Amino acid sequence: MSLSGPAHPATAGGVRTELTVLADGRPIRYRRMGAGGGVPIVMVHGFAGELLTWAANQVPLAARHTVYALDLPGHGGSSRDLGSGGVPGLAEALLAFLDAVGVDRAHLVGHSLGGAVVLRAALFRPGRAASLTLVAPGGLGEEADTGFIDRLLGADDPAALAAALRPLYADPGLVTPALGELVLTALRGPGMRETLRGLADQCFAPGRQRLVLRDRLAELAMPVQVLWGTDDAILPAHQARGLPPAVAVHLLPGQGHMLPIEAAAEVNRRIEGIAAGG
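This one's a predicted model, so the numbers in the text were calculated from it and none came from an experiment. (Residues numbered from 1 in each chain as written. Predicted model: local features only at pLDDT ≥ 70, side-chain atom pairs only at ≥ 80, totals over all residues. Heavy atoms only, no water.)

## Some points on helix α6 (residues 177–187)
Part 1 of the argument: Listed in full, the buried residues belonging to α6 are Leu-179, Gly-180, Val-183, Leu-184 and Leu-187. For α6, the angular spread of the buried residues around the axis is 130°, confining them to a single face. Looking at α6, the residues exposed on the side facing more than 90 degrees away from the buried face are Pro-177, Ala-178 and Thr-185.
Part 2 of the argument: Next to the buried residues of α6 lie α4 (147–154), α5 (158–165) and α7 (192–203). (Buried < 20%, exposed > 50% of the residue type's maximum accessible area, 1.4 Å probe, protein only. Helix = DSSP H or I, 4+ residues; strand = E, 2+ residues; numbered from the N terminus. Arc of directions from axis to C-beta. Contact = heavy atoms within 4.5 Å.)

Shown next, in the form of structure tokens:
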């Protein structure tokens, strides 16, 4: 689960393009930045988010790497066709996107629901993932504040929308009227609320996630790290306990759910560190 924050200017050294590609017959919007060599970084947002979730991450990381951020099906400028649906369907869409843009292997980064998506993709096709960075991820425990989804999709004015967004952030000052207007405009797009409601029903039941993958982490040979804010009110940080010893767990004191925005510098440092391994 995730909402993008205020838009940041997409300017950095190297190549920057925002494009749409057909992936398994569905249009997927993405932004490609940077012209670094080696294995690229691919960033996947959470529920109700979009590629702008990563604006504060993609720009600095593109100084050394080629970095892709995409809109998952049902989100942003991508197709409303969810395919087979749920986390497995979104993981298939991610793999189809990698095929479409010619990325054989990537450092996969996922926030919230996107964390479950990149984890499932790595389990589907382990050779496609050079590493995994799971940021406040779904898929590591059942518990979730699914009431957030109901509040979000039921909001019909900026004030109600801002109230729905507030639990995502440790700093309530980041939930501005402009953010409320931005998200409300996105939700009013053709078919958006209906699509997100359908996806939510596929991925969540009241108070819980439908797909839990934590017991399969030990199958993965690539480096895996988990970043979580201790004050996350959406997906509780205690789900990071008891993971396999090979999984590096980094808890960020006092941080909430929106680490890509509120703790961008630390998220970038950790992604840079794991990507430096190859």
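## A closer look at the confidence of the model for the protein
Part 1 of the argument: Predicted confidence across the protein gives a mean pLDDT of 92, with 94% of residues reaching 70 or more.
Part 2 of the argument: Confidence drops under a pLDDT of 50 for residues 5–14, and excluding neighbours within four residues, the segment shows 21 contacts in the predicted structure. (pLDDT = per-residue confidence, 0-100.)

## Considerations on helix α3 (residues 113–124)
Part 1 of the argument: Here α3 is 12 residues long and its end C-alpha atoms lie 17 Å apart, about the 16 Å a rise of 1.5 Å per residue gives.
Part 2 of the argument: The buried fraction of α3 amounts to 11 of the 12 residues, a majority that puts the element mostly inside the structure.
Part 3 of the argument: Taken together, the buried positions of α3 are occupied by Leu-113, Gly-114, Gly-115, Ala-116, Val-117, Val-118, Leu-119, Arg-120, Ala-121, Ala-122 and Leu-123.
Part 4 of the argument: Residues of α3 that are buried sit in contact with β3 (41–44), α2 (86–101), β5 (106–111), β6 (129–135), α7 and β7 (204–205). (Expected span 1.5 Å × (residues − 1).)

## Digging into the packing of aromatic side chains
Part 1 of the argument: Considering all chains together, one arrives at 4 aromatic pairs under this definition.
Part 2 of the argument: Their ring planes at 90° and their centres at 6.3 Å tell us that Phe-47 and Phe-204 sit as a pair that is edge-to-face. In this pair, Phe-47 is assigned in the loop between β3 and α1 (55–61) and Phe-204 in strand β7, connecting sequence segments 157 residues apart. In this structure, Phe-47 and Phe-204 share a single accessibility class: buried.
Part 3 of the argument: Through a chain of ring-to-ring contacts, the aromatic side chains of Tyr-30, Tyr-68 and Phe-97 assemble into a single cluster.
Part 4 of the argument: Its end group placed over the ring of Phe-124, Arg-120 keeps NZ or CZ at 4.0 Å from the ring centre. (Phe/Tyr/Trp six-rings, centres within 6.5 Å; stacked < 30°, edge-to-face > 60°. Lys NZ or Arg CZ within 6 Å of the ring centre and 35° of its normal.)

## Some words on the packing of α2 against α3
Two quantities define a packed helix pair, namely the angle between the axes and the distance from one axis to the other.
Part 1 of the argument: Axis separation between α2 and α3 bottoms out at 8 Å; the angle between their running directions is 70°. Classified by the interaxial angle, the pair formed by α2 and α3 is roughly perpendicular. α2 and α3 meet at a crossing whose hand is right-handed. Each of Val-87, Pro-88, Leu-90, Ala-91, Glu-92, Leu-94 and Leu-95 in α2 lies in contact with α3, whose residues at this interface are Leu-113, Ala-116, Val-117, Val-118, Arg-120, Ala-121 and Phe-124.
Part 2 of the argument: Partitioned by chemical class, the residues of the contact of α2 with α3 number 12 nonpolar, no polar and 2 charged. (Axes fitted to C-alpha atoms, helices over the stretch in contact; angles between N-to-C directions. Parallel < 35°, antiparallel > 145°, perpendicular 65-115°, else oblique. Left-handed = near helix turned anticlockwise from the far one by under 90°. Nonpolar A, V, L, I, M, F, W, Y, C, P; charged D, E, K, R; others polar.)

## Some thoughts on the environment of Leu-211
Part 1 of the argument: With respect to the helices, strands and loops of the structure, Leu-211 is situated in the loop between β8 (208–209) and β9 (224–229).
Part 2 of the argument: Judged by its relative accessible area of 30%, Leu-211 is partly exposed.
Part 3 of the argument: C-alpha separation for the pair Leu-211 and Ile-271, spaced 60 residues apart in sequence, amounts to 25 Å.
Part 4 of the argument: In this structure Leu-211 touches Val-87, Pro-88, Arg-120 and Gly-139, once residues within four positions along its chain are discounted.

## Quick word on the pattern of salt bridges
Opposite charge on two side chains makes pairing possible when the charged atoms of those side chains draw close.
Part 1 of the argument: On inspection of all chains with the given rule, the structure shows 9 salt bridges.
Part 2 of the argument: Taking the shortest distance from any N to any O, the salt bridge between Arg-197 and Asp-201 comes out at 3.4 Å. Pair noted here: Arg-197 and Asp-201 are both in helix α7, with a separation of 4 residues, about one helical turn.
Part 3 of the argument: Arg-197 sits in the partly exposed class, given a relative accessible area of 31%.
Part 4 of the argument: We classify Asp-201 as partly exposed; its relative accessible area is 43%.
Part 5 of the argument: What you see here is one network of salt bridges that share partners, running through Arg-29, Glu-50 and Asp-71. (Salt bridge = Lys/Arg side-chain N within 4 Å of Asp/Glu carboxyl O.)

## Focus: unusual backbone geometry
Part 1 of the argument: In the Ramachandran plot, Ser-112 falls in the positive-phi region, its phi being about 60° despite a non-glycine side chain.
Part 2 of the argument: With respect to the helices and strands, Ser-112 occurs in the loop between β5 and α3.
Part 3 of the argument: Under the relative-accessibility criterion, Ser-112 is labelled buried at 0%.
Part 4 of the argument: A positive phi is found at Ala-136, a non-glycine position, where the angle reads about 45°.
Part 5 of the argument: Considering the arrangement of structural elements, one finds Ala-136 in the loop between β6 and α4.
Part 6 of the argument: The class for Ala-136 is buried, based on a relative accessible area of 0%.

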